[in-house]
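# Chain and residue survey
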Amino acid sequence: MKKLSILISIILYSLSAMGQQGKSFIHVDFKTVKEEANNHPEDIATLIESVARLDTTLSVEKIAMAYFCSSYSSNYLKASNMERTLYDLRNKKDYENLLLKSNEVLRINPLNCTALSTAMYACIALKKTDNEKDYYTKRLSNILYAISRTGDGSKEYPFYVTSVADEYMLMQYWFNLWEYKQQSLIDHCDKFDLKKSSELYKDKEIYFEITRVLEIESAMFSK
């Protein structure tokens, strides 16, 4: 029931957003993203905080820029390394600590999708007010919408992500895709052969562009 409640919230948003999407994609150039992150760190930090505050004046392109630039932050890996703890707390049904730890991760990286999803989960389990739950739901929805605008999931136009976890977030919470036959690496893309499509995603395969994911993993293993 908790998962269903979260899913309904996200899907309702995605149906509305997709109706406004059209066919244009957000162009992602990681060279430009890296230059922005490195040359204008204060501006990017302000942009990230604006996304976290649900600033309604921000365009989806700005939200996408914040999401991709955040992966160049020195705090990005620190937050990512805490995700396993979030899953462990969720599995233990320790929802009070799950919400506390989720917010700790979000203070480090306000755009961490895993922490936003576990915060939503905890709010539902703890029967928090709709306003508190919706705060996390809308933050996650805005990021997933931005990711969904980077392509259409085809081999020609894959969705761009900065972590493997975000691939699953987009599939499950945005497109209601929960089952796949196999996952394979093709060039710089993760390909999922789906067992089932959905009303929100009708193809039988979905591609994710993972150039940034591979860069981050390479940097991790080289330390």
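Refer to the structure presented above.
A short tour of the structure in this document, coming up. Predicted, not measured: the structure shown is a model, and the values here were computed from it. (Residues numbered from 1 in each chain as written. Predicted model: local features only at pLDDT ≥ 70, side-chain atom pairs only at ≥ 80, totals over all residues. Heavy atoms only, no water.)

## Regarding the side chain of S148
We count it as follows: By the criteria applied, helices consist of DSSP H or I runs no shorter than four residues and strands consist of E runs no shorter than two, each listed in order from the N terminus. We call two N or O atoms a polar contact when they sit within 3.5 Å, provided that within protein one can donate a hydrogen and the other can accept it, with sequence-adjacent residues counted only if both atoms are side-chain atoms.
Counting through the fold element by element, S148 comes out in helix α9 (residues 130-148). A distance of 2.7 Å separates a polar atom in the side chain of S148 from the backbone oxygen of Y145.

## Remarks on the pattern of salt bridges
Selection rule: Take a side-chain nitrogen of Lys or Arg and a carboxyl oxygen of Asp or Glu: if they are within 4 Å of each other, that pair is a salt bridge. For each residue, the accessible area found with a 1.4 Å probe, counting protein chains only, is set against the maximum for its type, and the residue is called buried under 20%, exposed over 50%, and partly exposed in between.
Going through the model one piece at a time under the given rule, you end up with seven salt bridges. With a closest N to O distance of 4.0 Å, K133 and D134 form a salt bridge. A salt bridge links E199 to K202, with the shortest nitrogen-to-oxygen separation between them at 3.4 Å. By relative accessible area, K202 is classed as exposed at 56%. Three or more residues joined by partner-sharing salt bridges are found here, namely K191, D193 and E205.

## Structural notes on the packing of helix α8 (residues 113-125) against helix α10 (residues 164-174)
Packed helices, taken two at a time, are described by the angle their axes make and the gap between the axes. Quick note on the threshold: Between N-to-C directions, angles cover 0 to 180 degrees, with each direction set by a line fitted to C-alpha atoms, over the stretch in contact for helices. In what follows, roughly perpendicular refers to angles from 65 to 115 degrees, roughly parallel to angles under 35, roughly antiparallel to angles over 145, and oblique to any angle outside these ranges. Here, residues are in contact when the closest pair of their heavy atoms is within 4.5 Å. In this classification, the charged set is Asp, Glu, Lys and Arg, the nonpolar set is Ala, Val, Leu, Ile, Met, Phe, Trp, Tyr, Cys and Pro, and all remaining amino acids, among them Gly, are polar.
α10 packs onto α8 with a crossing angle of 45 degrees between their chain directions and a minimal axis gap of 9 Å. Classified by the angle between their axes, α8 and α10 sit oblique to one another. Between α8 and α10, the residues in contact are C113, T114 and S117 and A165, D166, M169 and Y173, respectively. Within the contact of α8 with α10, the residues separate by chemical class into four nonpolar, two polar and one charged.

## Quick look at the packing of aromatic side chains
This is how the line gets drawn: Classification of ring pairs uses Phe, Tyr and Trp, with its six-membered ring standing for Trp, and accepts pairs whose centres are within 6.5 Å; under 30 degrees between planes counts as stacked, over 60 as edge-to-face, and the remaining range as tilted.
Going through the model one piece at a time under the given rule, you end up with 15 aromatic pairs. Aromatic pair F30 and Y160: ring centres 6.1 Å apart, planes at 40 degrees, arrangement tilted. A residue pair is termed long-range when its members are at least 10 positions apart, and F30 in helix α2 (residues 30-39) and Y160 in strand β1 (residues 159-160) qualify at 130 residues. Ring centres of F159 and F208 lie 6.0 Å apart, and the angle between their planes is 45 degrees; this geometry places the pair in the tilted category. Here F159 is found in strand β1, whereas its partner F208 is found in strand β4 (residues 205-209), with 49 residues between them in sequence. With a relative accessible area of 1%, F159 lands in the buried category. Overall, the relative accessible area of 0% leaves F208 in the buried class. Feature note: the residues F159, Y168, F175, Y180, F192, Y201 and F208 constitute an aromatic cluster, connected by ring pairs.

## So, the pairing of β4
Where we set the bar: DSSP bridges decide pairing: two strands pair if at least two such bridges lie between them.
Taken across its five residues, β4 has four buried, putting it largely inside the fold. The pairing of strand β3 (residues 189-194) with β4 spans five bridges and is antiparallel. Counterpart to D190 in the pairing with β4 is F208.

## Description of the pairing of strand β2 (residues 180-186)
Looking at chain direction, β2 and β3 are connected through six bridges and run antiparallel. When the bridges of β3 are listed, Q183 appears paired with F192. Between β2 and β3, which follow one another and run antiparallel, lie two residues, and D187 among them has a positive phi close to 55 degrees.

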